[in-house]
Amino acid sequence: MPGERALALAREAAQPWVEAEALMVLGQVARASGDLAAADALIVRAVSAAHASGHEWAALSSTWIGLKIAMDMGDRDHLVRRARELVQELYEEWDVTSWLVGLHSLAGCLTLLGRPGDGAVLLGTVAAIGGRIGFFPERMDPLDGPRNAEAVRAALSAEEFDARFAEGRGMARAEATAYIRDLLG
């Protein structure tokens, strides 16, 4: 497989940051093929390799993919662990677009955890801040983004969704980060 060859080449070249990205891509491929256990294991390795090499973008991206895999797996405890990991990564992340994508995914995660109202708050924050900078996670993540937003909407009445979404639209980035940290500990 070309991805495995890329991983081997990264190791041969002694480029651990490239190894982290290769592991992340292999995790995505395993997820796409439905092998969630292998995908999860690869993503754990990718996060570790990324942190070890100082490649924080790859650590955040791999953690985000790990959350999506945990959502696919449907294991509540695993999902909460992955969500907490992503919240920690996002707390340390200064890139607004990565933060928006992570918050959008966490909205879907919260819905799976029985908290769709909190998911709607996050979608409102993402819409407000993303709209101001011209960044829309549902376009960036065309498979999972729309699915997460629809799950939140479907779990609430239109009135409750609108009210909670409006609540989120009024949050600044620091407030939303504190909100999600409080929810997930």
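Since this is a predicted model, take the numbers as computed values, not measurements.

A. View of the environment of Thr 111. With respect to the helices, strands and loops of the structure, Thr 111 is situated in helix α6 (residues 96-112). Sequence separation of Thr 111 and Glu 138 is 27 residues, and the distance between their C-alpha atoms is 16 Å. Residues within four places of Thr 111 in sequence aside, it is in contact with Pro 116, Ala 151, Val 152 and Ala 155.

B. Structural detail: the packing of helix α2 (residues 16-32) against helix α3 (residues 36-53). Running from amino to carboxyl end, α2 crosses α3 at an angle of 160°, the nearest separation of the two axes being 8 Å. Our classification of the angle between α2 and α3 gives roughly antiparallel. The crossing of α2 and α3 is left-handed. For the pair α2 and α3, the contacting residues are Pro 16, Trp 17, Ala 20, Leu 23, Met 24, Leu 26, Gly 27, Ala 30 and Arg 31 in the first and Leu 36, Ala 38, Ala 39, Leu 42, Ile 43, Arg 45, Ala 46, Ala 49, Ala 50 and Ser 53 in the second. For the contact of α2 with α3, the class distribution of residues is 15 nonpolar, two polar and two charged.

C. Quick look at the packing of α2 against helix α4 (residues 56-73). Two elements in contact, α2 and α4, have axes separated by 10 Å at closest approach and are oriented at 15°. In this view, α2 runs roughly parallel relative to α4, as classed from their interaxial angle. Of the two elements, α2 crosses α4, and the hand of that crossing is left-handed. The residues of α4 that touch α2, namely those facing Ala 20, Glu 21, Met 24, Gln 28 and Arg 31, are Trp 57, Ala 58, Ser 61, Ser 62, Ile 65, Lys 68, Ile 69 and Asp 72. Split by residue class, the contact of α2 with α4 holds six nonpolar, three polar and four charged.

D. Expanded view of the environment of Tyr 91. Looking at the element boundaries, Tyr 91 is found in helix α5 (residues 76-92). Beyond its immediate chain neighbours, meaning those up to four positions away, Tyr 91 contacts Thr 177 and Arg 181.

E. Spatial organisation of the pattern of salt bridges. All chains considered together, the criterion is met by 10 salt bridges. In this structure, Asp 144 engages Lys 68 in a salt bridge whose closest nitrogen and oxygen atoms are separated by 3.0 Å. Of this pair, Asp 144 sits in helix α9 (residues 144-154) while Lys 68 sits in helix α4; the two residues are 76 residues apart in sequence, bridging distant segments of the chain. In this structure, Asp 144 and Lys 68 share a single accessibility class: buried.

F. Examining the packing of aromatic side chains more closely. The tally for this structure, following the rule as stated, stands at one aromatic pair. The ring of Trp 64 carries the charged tip of Lys 68 above its face, separated from the ring centre by 3.8 Å.

G. Representation of α3. Between its first and last C-alpha, α3 extends 25 Å over 18 residues, near the 26 Å set by a 1.5 Å rise per residue. Of all the positions in α3, only Leu 36, Ala 39, Asp 40, Leu 42, Ile 43, Ala 46, Val 47, Ala 49 and Ala 50 are classed as buried. In the segment just after α3, Gly 54 is the residue with positive phi, at about 75°.

H. View of helix α10 (residues 158-169). Between its terminal C-alpha atoms α10 stretches 16 Å, which fits the 16 Å expected from 12 residues at 1.5 Å a residue. Regarding α10, the residues found buried are Phe 161, Phe 165 and Gly 168. The arc that holds the buried residues of α10, viewed along the axis, is 55°, so those residues lie on one side. What points out from α10, more than 90 degrees from its buried face, is the exposed set Glu 159 and Asp 162. Those residues of α10 hidden inside the fold are in contact with α7 (116-133) and α9.

Rules and cut-offs
Residues numbered from 1 in each chain as written. Predicted model: local features only at pLDDT ≥ 70, side-chain atom pairs only at ≥ 80, totals over all residues. Heavy atoms only, no water. Helix = DSSP H or I, 4+ residues; strand = E, 2+ residues; numbered from the N terminus. Contact = heavy atoms within 4.5 Å. Axes fitted to C-alpha atoms, helices over the stretch in contact; angles between N-to-C directions. Parallel < 35°, antiparallel > 145°, perpendicular 65-115°, else oblique. Left-handed = near helix turned anticlockwise from the far one by under 90°. Nonpolar A, V, L, I, M, F, W, Y, C, P; charged D, E, K, R; others polar. Salt bridge = Lys/Arg side-chain N within 4 Å of Asp/Glu carboxyl O. Buried < 20%, exposed > 50% of the residue type's maximum accessible area, 1.4 Å probe, protein only. Phe/Tyr/Trp six-rings, centres within 6.5 Å; stacked < 30°, edge-to-face > 60°. Lys NZ or Arg CZ within 6 Å of the ring centre and 35° of its normal. Expected span 1.5 Å × (residues − 1). Arc of directions from axis to C-beta.

Structural measurements only, silent on function.
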